[in-house]
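# Understanding the architecture of this molecule
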Amino acid sequence: ALTGTACGGGDGDGGGKGSDGKISGTVTYWDTSNEAEKGTYEQLARGFQKKYPDVKVNYVNVPFGEALAKFKNAAGSGGSGAPDVLRAEVAWTQDLANIGYLAKLDGTTALADRSDYLPKAAAGTKFKGATYGVPQVIDTLGLFYNKKMLKEAGVAPPTSWAGLKAAAKKIKQKTGKTGLYLRGDDAYWYLPFLYGEGGDLLDTGAKKVTVDDAPGVKAFAAARDLVASGAAETDATDGWDTMQHAIKNGDVAMTLNGPWAIEDTLAGKAFKDPSNLGVVPVPAGSGGQGAPQGGHNLTVYAGSKNLDASYAFARYMSSAEVQAKTTEKLSLLPTRTSVYRNAAVAANPNVKFFKAAVDKAVERPWIPEGNSLFQAVLVQFPNVLAGRTSPKEAATSVGDAYRKLLKGDW
Ligand SMILES: C[C@H]1O[C@H](O[C@H]2[C@H](O)[C@@H](O)[C@@H](O[C@H]3[C@H](O)[C@@H](O)[C@@H](O[C@H]4[C@H](O)[C@@H](O)[C@@H](O)O[C@@H]4CO)O[C@@H]3CO)O[C@@H]2CO)[C@H](O)[C@H](O)[C@@H]1N[C@H]1C[C@@H](CO)[C@H](O)[C@@H](O)[C@@H]1O
């Protein structure tokens, strides 16, 4: 594996810092942002060329669900075809750093003004005491709701799963529509139920697998109950498209979602008046309330032939100026404390809500295996929601998968 120093590979053309200190050559950037975000991110990425006229930015949008495997294949086969800079989801960062595919950024220009980063965002860029990513966005889940539909049903935004069931009953009676669309094909949506029962996937302090303790079982049961009672509808595939279609067309009154869904949701006919979209914390369960911390870092491929330009690009794409523009266009959360002092950012109602939500978001275990924890849940979640697997069986299967995964370390 690469040892974190440049050694062949990468799409750069071997540019770098000329004798005059000028940055030059090509930087290939793999962006994983979604349909509603990518236009803004591409424009911002190309803006780098204005500052560094001798650099050509080769912007490539790679779907989130494919990017990790694609990058590992490219980096693992000598690096040709690997990008110079990758937008890496927070859990990918430790995994890829552990394999040696990411350049250590400490001491490079990529980490300029690092004291400005939110501590929670910075935490997701570390591995064995070194820094392998530059925080680009931080996020969590909230409860999106159609204000008009809830008003018509005479209900307030629910603050518990039990309250959501009661509200959904009224929404069905008054509007004929379903209360919630619950995404079943993405394990991330299991976490608000798990935290709502006071549980967690692992206890990293005690090095214990806890997902199949009682809270983990109750969490699966709580999610299944929403579907079985008709309060929520779900699918085992195409969850993102079905969820967005449903909320945008006013076919459901609520979804669980994050800042990355705001721009797309507001494009729906149900939100011609954008103020019709409200966001509140995810509902509480019987043992607590909580939403997971997520987000994305800019990382530099250790095998890039153009490290200097890549460091400069990572710094630019996470600069205060670019973050303020991203928030203005997409309502995504800045990872720099200074950007929250920007008047337009501070006035954005979605930023106000999600910043408070992120401050309380539950941090996940920043360990290389963190990247694989969702796979085991993903196998069980859709089956539990469909009533094909019992909550107990599902939790135990996930627990067993974790004990196998972690047996060396735990
Ligand atoms: C199963 C996967 O489990 C984990 O992923 C977790 C993730 O850790 C959680 O944090 C959470 O991510 C949030 C995210 O924080 C949140 O920001 C948002 O992201 C938006 C963007 O905002 C939006 O811009 C746009 O990009 O679109 C993004 C997506 O909407 O929503 C995300 C949740 O969707 O949830 C993920 C689970 O989905 C693993 O990390 C792998 O990804 C793994 N899949 C791999 C598995 C490999 C085989 O092992 C297979 O070979 C590979 O090909 C597969 O890729």
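A brief report on the enclosed structure follows. (Residues numbered from 1 in each chain as written. Predicted model: local features only at pLDDT ≥ 70, side-chain atom pairs only at ≥ 80, totals over all residues. Heavy atoms only, no water.)

## Describing the overall build of the chain
Tallying secondary structure elements over the chain gives 16 helices and 15 strands in all. Taking 2.2 N^0.38 as the reference for a compact globule, 410 residues should give roughly 22 Å; the C-alpha atoms of the chain span a radius of gyration of 22 Å, in line with that estimate. Dimensions of the chain, computed from C-alpha atoms along their principal axes, come out at roughly 70 × 50 × 35 Å. Every one of the 410 residues in the chain was classed for burial, and the buried ones make up 57%. Counting contacts in the chain only where the partners sit at least 6 residues apart, residues at least 24 apart contribute 76% of the total. Surface summary for the chain: the accessible area is close to 16000 Å², and the carbon and sulfur share equals 53%. One finds the centroid of the 47 positive side-chain charges in the chain at a distance of 4 Å from the centroid of its 42 negative side-chain charges. (Helix = DSSP H or I, 4+ residues; strand = E, 2+ residues; numbered from the N terminus. Rg over C-alpha atoms; globule rule 2.2 N^0.38 Å. Buried < 20%, exposed > 50% of the residue type's maximum accessible area, 1.4 Å probe, protein only. Contact = heavy atoms within 4.5 Å. Areas by Shrake-Rupley, 256 points an atom, 1.4 Å probe, with all protein chains shown as cover. Lys, Arg positive; Asp, Glu negative; His and termini not counted. Charge placed at Lys NZ, Arg CZ, Asp CG, Glu CD.)

## Brief notes about the packing of aromatic side chains
Inspection of the entire model under this criterion finds 18 aromatic pairs. Seen in terms of ring centroids, phenylalanine 144 and phenylalanine 354 are 6.2 Å apart; in terms of plane orientation they differ by 55 degrees. Their pairing is tilted. Separated by 210 residues along the polypeptide, phenylalanine 144 in strand β8 (residues 142–146) and phenylalanine 354 in helix α14 (residues 349–360) bring together distant segments of the chain. Phenylalanine 354 shares its class with phenylalanine 144; the two are buried. (Phe/Tyr/Trp six-rings, centres within 6.5 Å; stacked < 30°, edge-to-face > 60°.)

## Observations concerning the nonpolar core
If you look at the biggest cluster of nonpolar residues, it comprises 80 residues, and the most contacted ones within it are Tyr190, Leu201 and Tyr402. Ranked by size, the runner-up nonpolar core spans 32 residues in total, among them Ala122, Val134, Val300 and Phe313. (Core = buried A, V, L, I, M, F, W, Y, C linked by side-chain atoms within 4.5 Å.)

## Describing the environment of serine 338
One can find serine 338 in the loop between α12 (320–330) and α13 (343–347). On the basis of relative accessible area, serine 338 is assigned to the partly exposed category, the value being 23%. The sequence separation of serine 338 and aspartate 116 amounts to 222 residues, and the corresponding C-alpha distance is 6.5 Å. Setting aside anything within four residues of it in sequence, one finds serine 338 in contact with Asp116 and Ala320.

## Side note on helix α6 (residues 161–175)
In this model α6 runs 20 Å from its N-terminal to its C-terminal C-alpha over 15 residues, within 8% of the 21 Å that 1.5 Å per residue would give. Every buried residue belonging to α6 is among Trp161, Leu164, Ala167, Ala168 and Ile171, and all of these are buried. Taken around the axis of α6, the buried residues stretch over an arc of 110 degrees, which confines them to a single face. Within α6, the exposed residues directed more than 90 degrees away from the buried face are Ala162, Lys169, Gln173 and Lys174. Phi turns positive one or two residues past the end of α6, at glycine 176, with a value near 80 degrees. (Expected span 1.5 Å × (residues − 1). Arc of directions from axis to C-beta.)

## Quick notes on the site of the ligand
For the ligand, the set of nearby residues contains 24 residues, the closest of which are Thr32, Glu37, Glu89, Asp186 and Asn371. Within the side chain of glutamate 37, a nitrogen or oxygen atom sits 2.6 Å from an oxygen atom of the ligand. Residue tryptophan 92 places a side-chain N or O atom 2.9 Å away from an oxygen atom belonging to the ligand. Protein burial of the ligand: of its 940 Å² of free accessible surface, 83% is covered by the chains. Taken together, the elements giving at least two residues each to the shell around the ligand come down to α2 (64–76), β4 (85–89), α3 (90–99), β15 (294–300) and α15 (373–385). Here the shell around the ligand gets four residues from one element, more than from any other, and that element is α2. Residue composition of the shell around the ligand, by class: nine nonpolar, nine polar and six charged. (Near = heavy atom within 4 Å. Polar contact = N/O pair within 3.5 Å; in protein donor to acceptor, adjacent residues only side chain to side chain. Nonpolar A, V, L, I, M, F, W, Y, C, P; charged D, E, K, R; others polar.)

## Quick word on the pairing of strand β2 (residues 23–31)
Of all nine residues that make up β2, eight are buried, and the element is covered over most of its length. Taken together, the seven bridges between β2 and strand β3 (residues 55–61) define a ladder with parallel strand orientation. The residue of β3 that forms the bridge with aspartate 31 is asparagine 61. Where the polypeptide runs from β2 across helix α1 (residues 35–51) and back to β3, its parallel neighbour, the crossover connection is right-handed. (Pairing = 2+ DSSP bridges. Right-handed = clockwise from strand over helix to strand, strands pointing away.)

## A word on the pattern of salt bridges
Per the counting criterion, the structure on display carries 20 salt bridges. The residue arginine 336 makes a salt bridge to aspartate 113 at a minimum N-O spacing of 3.9 Å. In this pair, arginine 336 is assigned in the loop between α12 and α13 and aspartate 113 in the loop between α3 and α4 (119–123), connecting sequence segments 223 residues apart. Judged by its relative accessible area of 2%, arginine 336 falls in the buried class. Assessed through its relative accessible area of 46%, aspartate 113 is described here as partly exposed. Ionic pairing is found between aspartate 359 and lysine 355, a salt bridge with its closest N-O pair at 2.8 Å. Residue aspartate 359 and its partner lysine 355 are located together in helix α14, separated by four residues, close to a single helical turn. One salt-bridge network, held together by shared partners, links Lys51, Glu321 and Lys325. (Salt bridge = Lys/Arg side-chain N within 4 Å of Asp/Glu carboxyl O.)

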